[in-house]
Amino acid sequence: MPQLLLELFSEEIPARMQANAARDLERMAREHLAAAGFLPEALKTFAGPRRLTLVVEGLPIAQADRKEELKGPRVGAPPQAMEGFLRKAGLTQDQLVERDGVYMAFIEKTGRPTTEIIAEMVEAIVRGFAWPKSMTWGTCKLRWVRPLKRILCVFDREVVPFSIEGIESGDISEGHRFMGDAQPFRVRDFDEYAKGLNDHFVVLDVEERKARILEGCKTLCFARNLELVEDLGLLEEVAGLAEWPTPVLGDMDPSFLDLPAEAIRTSMRTHQKYFAVRDPAREGLAPHFITIANIAAADGGKVIAAGNAKVLSARLSDARFFWDEDRKAGNFDEWLEKLNGVTFHAKLGTMAERVKRIEALAREIAPLVGADVEKAGTAARLAKADLSSLMVGEFPELQGLMGGYYAREAKMDPEIADAIRDHYKPQGPADAVPTAPLSVAVALADKLDTLVGFFAIDEKPTGSKDPYALRRAALGVIRTLLDGGLRVSLKPALRQAGAFLYDRNGFQDRTDGFSREEPLLMQDGSPQRRSSQRIEAVAVDLLAFFADRLKVALKDQGKRHDLVDAVFALGDDDLVRIVARVEALDAFLKTDDGKTLMAGYKRASNILKAEEKKGWKAEGERGLLDDASAPEAALYDALRMVEPALAAALAKENFTGAMQELAGLRGPVDAFLDGVFVNSEVPAERDNRLKTLAAVRDAMGQVADFSLVAG
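Model, not experiment: these values are computed from the prediction. (Residues numbered from 1 in each chain as written. Predicted model: local features only at pLDDT ≥ 70, side-chain atom pairs only at ≥ 80, totals over all residues. Heavy atoms only, no water.)

Asker: Where do I start with the confidence of the model for the chain in this structure?
Answerer: Atom-level detail of predicted coordinates should not be read off regions where pLDDT is low. Looking at the chain, the pLDDT average stands at 89 and 94% of residues meet or exceed 70. Every residue in residues 504-530 is under pLDDT 50, and counting partners more than four places away or in other chains gives 57 contacts. (pLDDT = per-residue confidence, 0-100. Contact = heavy atoms within 4.5 Å.)

Shown next as structure tokens:
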């Protein structure tokens, strides 16, 4: 079947926009084609520095004839409703058909040529494309990311004729800006197009560009006995900067290697888009770099390498100045003083006030994670100081890391330096969590203060928007606690963070919207004024938020989200214990005993809910039964045996053992439900049987809220 080839050729498209542009082009094309009744066999898009490309396989020459059925107003509806419907349908009233008291219109539409639909589709896509930033140029009213130069649009090897703001469609494309003859060339299908681009020094597919870059970098390193410092983010970016990417190895001044490796890499990466390399024979970076040129130079890139080396030297000279100035004695005290003039958030005070909260909270958390209280306070107080440093001012991504370096230069305790360095961790799913107790205490304090603060001022994540990275902070807390097996109850920690947030000497004095209630005492006995109700509300909201984030974390491990809800419903806030319960519950429900007992629980719960709606309450103890052979006697005896063993297993946090104890109820519950008429006409008998079922529900409810388990 015929093929559609579309290329939107423009000036350079920013690398960060290319991937989303390719996805948007694919989505919009699918939507327009589907609206026209087309279901293509294949659809693929490409994005590069100067072009967006769409290729669609398997489109028909024309639409099929269609018959549409439109539902109109009811018989007897006001004349205005009928007139509006007739205008919409393009018919007269005598052409309508009455069906069940409703007027229906049947419209037959002749299929249009596909070329007409494509022309309309392309114009709609071009005019409606949602670039993050766009521009106009000359006298053109069209908005595009950069000036749009040419539109190639070919269907079934023929040009689809149309014009957008004076840009005529055609079958002409263009290769590399500098290499080859740089002359436009004609294409009629995708095979000719791909070959023409390759012959004119353009790699169309971004994955091929990335592979070419990576392979070229590794080849250069191998030839010099070096190793590439791989950087996937940088690889993604440079693949969008060059149509014919050519790695070039350059040399840097070795004297700069005494700078922190992170500073060198950041200077290379952020400003110059260079890859760093290391020498496997020694620890640390090698005095070389790899830049990605957009041409294959005749001299092998020697001039390119030399020019880039000069630029890098200038950048690293700046870094050296920052490094030398920042290491001067007394800088930490000066930096901390400067934080008084740095606003963290208009409603949350200055950075200096935030540091005081983090310090106080770190002292409270330290004993819970096995850290020294005084060291935790010192590390937390100094953790944000490097925000005032020259190096972090130039390279914000080095915050924390540079603080750790400067702490070592100041001969501070290595544990404190490590805690300063690691307190932002983890910053993403691939980042490691802090493991040293002191680092854990400061990292948790930092993240909990962030979460409580922004939830207190109602700056919560909404939909896909999370400007303060609160989801990442919550996942960081979860990963830190779970990976370290740390037994920290979240709710008291959140309340404590809230108490520091509402400290009269800090946040509360500047916020009129929060009530000031009775004085409460901190753990050290000092009086503090704070809104206890507001603190509790924030803690409850955040626990629900943590539950949602835990679902995300466990989903990747194949755990069901409803099991997290079932365990959280017990009111537990120890994440290590919660996950242990979820894992035991997940394993139990996969067994035959678990499935059967779950079904029995549902039956028992439904019976109890129905009776409770009628006013029945499980008051008093369930009694002994006269007939020891009756099924209800067997369930009664099973409960008497299970309840103490279940309590003992739960007390030891042996949740697998607790599930095994519950499994012992499977047979008696089945026999009871199948062999006993619960709603006996004898009131005492009915009451006792309902109490027995309630006891089963209560026993299972000690492990999880099984009413929240799906299925």
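Back to the text.
Asker: In this structure, what is going on with the side chain of R209? I would like to understand it.
Answerer: Locating R209 in the fold gives a position in helix α5 (residues 206-223). Engagement of the side chain of R209 in a polar contact is seen with the backbone oxygen of V203, the distance being 2.9 Å. Every residue in contact with R209, bar those within four places of it in the chain, is listed here: Q18, A47, G48, P49, V203, L204, A239, A242, E243 and P245. (Helix = DSSP H or I, 4+ residues; strand = E, 2+ residues; numbered from the N terminus. Polar contact = N/O pair within 3.5 Å; in protein donor to acceptor, adjacent residues only side chain to side chain.)

Asker: Even after reading the chapter, I still don't get the pairing of strand β6 (residues 102-109), so can you show me in this structure?
Answerer: Regular strands place side chains that alternate from one sheet face to the opposite one. Where strand β4 (residues 66-74) meets β6, seven bridges bridge the pair, whose relative direction is antiparallel. Following the sheet pairing, K67 is matched in β6 by E108. Both strand β5 (residues 97-99) and β6 contribute to a ladder of three bridges, which runs antiparallel. Residue pairing in the sheet places R99 in a bridge with V102 of β6. The turn joining β5 and β6, which pair antiparallel and follow one another in sequence, is formed by two residues; a positive phi near 55° is taken by D100. (Pairing = 2+ DSSP bridges.)

Asker: What's the story with helix α19 (residues 561-568) in this structure? I'm lost.
Answerer: Each α-helix turn comprises 3.6 residues. Residues three or four places apart therefore point the same way. Among the eight residues that make up α19, six are buried, leaving the element largely enclosed by the rest of the structure. Among the residues making up α19, those that are buried are D562, L563, V564, A566, V567 and F568. Of the surrounding elements, those touching the buried residues of α19 are α18 (532-555) and α20 (575-589). (Buried < 20%, exposed > 50% of the residue type's maximum accessible area, 1.4 Å probe, protein only.)

Asker: Teacher, can you tell me more about the environment of T114 here?
Answerer: By the secondary structure assignment, T114 is in helix α3 (residues 114-128). Separated by 103 residues in sequence, T114 and E11 place their C-alpha atoms 30 Å apart. Here T114 is in contact with F38, P60, I61, A62, Q63 and F155, once residues within four sequence places are set aside.

Asker: Would you mind showing me how to read the pattern of salt bridges here?
Answerer: Any two side chains of opposite charge can pair, given that their charged atoms come close. Per the stated rule, a full pass over the model turns up 65 salt bridges. Among the ionic pairs, D449 bridges to R357, the shortest N-O distance being 2.8 Å. Of this pair, D449 sits in helix α15 (residues 437-456) while R357 sits in helix α10 (residues 351-369), and the two are 92 residues apart along the sequence. Each member of the pair, D449 as well as R357, is classed as buried. One salt bridge connects D422 with R421, and the closest N-O pair in it is separated by 2.8 Å. Residue D422 is classed as buried on the basis of its relative accessible area of 7%. (Salt bridge = Lys/Arg side-chain N within 4 Å of Asp/Glu carboxyl O.)

Asker: Help me understand the nonpolar core, please; the structure alone is not making it clear to me.
Answerer: Within soluble globular proteins, side chains that are nonpolar tend to cluster in buried spots. In this structure, M391, L662 and F706 are the most contacted members of the largest nonpolar core, which totals 136 residues. Residue contributions to this core peak at twelve residues, all from α15. With near-sequence residues (within four places) excluded, M391 lies in contact with A263, A319, F322, W323, D326, L398, M402 and Y406. Counting residues in each nonpolar core, the second largest holds 41 residues, with I117, V126, I151 and V160 among its members. (Core = buried A, V, L, I, M, F, W, Y, C linked by side-chain atoms within 4.5 Å.)

Asker: Just to check I follow, could you spell out the environment of L241 for this structure?
Answerer: Within the secondary structure, L241 sits in the loop between α6 (232-238) and β14 (246-251). Sequence spacing of L241 and R16 is 225 residues, and the spatial spacing of their C-alpha atoms is 9.6 Å. Beyond its immediate sequence surroundings of up to four residues, L241 is in contact with A15, P49 and K273.

Asker: Would you take a moment to explain the sheet that holds β4 for this structure?
Answerer: Strand pairing within a sheet occurs via backbone hydrogen bonds; the two strands may be parallel or antiparallel. If you walk across this open sheet you meet the three strands as β4-β6-β5, and the pairing is antiparallel. Both edges of this open sheet fall to β4 and β5, since each of them pairs with a single strand only. Across the sheet, the axes of successive neighbouring strands diverge by a mean angle of 35°, strand direction being ignored. Packing against the sheet, helix α2 (residues 79-89) makes contact with β4 and β6, and its axis sits at approximately 170° to β4. (Axes fitted to C-alpha atoms, helices over the stretch in contact; angles between N-to-C directions.)

Asker: I would appreciate a short explanation of helix α16 (residues 470-484) in the present structure.
Answerer: Its 15 residues give α16 an end-to-end C-alpha distance of 21 Å, which sits within 8% of 21 Å, the value for a rise of 1.5 Å per residue. For α16, the complete set of buried residues consists of L470, R471, A473, A474, G476, V477, I478, T480 and L481. Structurally, α16 contributes buried residues whose contacts are with α15, α17 (490-501), α18 and α20. With its phi angle positive at about 60°, G485 sits one or two positions after the end of α16. (Expected span 1.5 Å × (residues − 1).)

Asker: Can you walk me through the packing of α18 against α19 in this structure?
Answerer: Describing two packed helices takes the angle between their axes plus the distance from one axis to the other. In contact at an axis separation of 9 Å, α18 and α19 are set at 145° when each is read in the N-to-C sense. Judged by the twist between their axes, the crossing of α18 over α19 is right-handed. Residue-level contacts link L543, F546, A547, L550, K551 and L554 of α18 to H561, V564, D565 and F568 of α19. (Left-handed = near helix turned anticlockwise from the far one by under 90°.)

Asker: What is the right way to look at the packing of aromatic side chains in this model?
Answerer: Note on aromatic pairs: each is described by the distance of the centres and the angle between the planes. Under the criterion given, the structure shown has 16 aromatic pairs. Summarising the aromatic geometry, the rings of W131 and W144 are spaced 5.2 Å apart at their centres and angled 80° between planes, so their arrangement reads as edge-to-face. Taken together, the positions of W131 in the loop between α3 and β7 (148-155) and W144 in the loop between α3 and β7 put the pair 13 residues apart, joining distant regions of the chain. Consider the rings of F190 and Y193, whose centres lie 6.2 Å apart with planes at 40°: the pair is tilted. Of the two residues, F190 and Y193 are both situated in helix α4 (residues 190-199); the distance of three residues between them amounts to about one turn of the helix. Taking the relative accessible area as the measure of exposure, Y193 reaches 0% and is therefore buried. Taken together, W323, F332, W335, Y405 and Y406 form an aromatic cluster joined through their ring pairs. (Phe/Tyr/Trp six-rings, centres within 6.5 Å; stacked < 30°, edge-to-face > 60°.)

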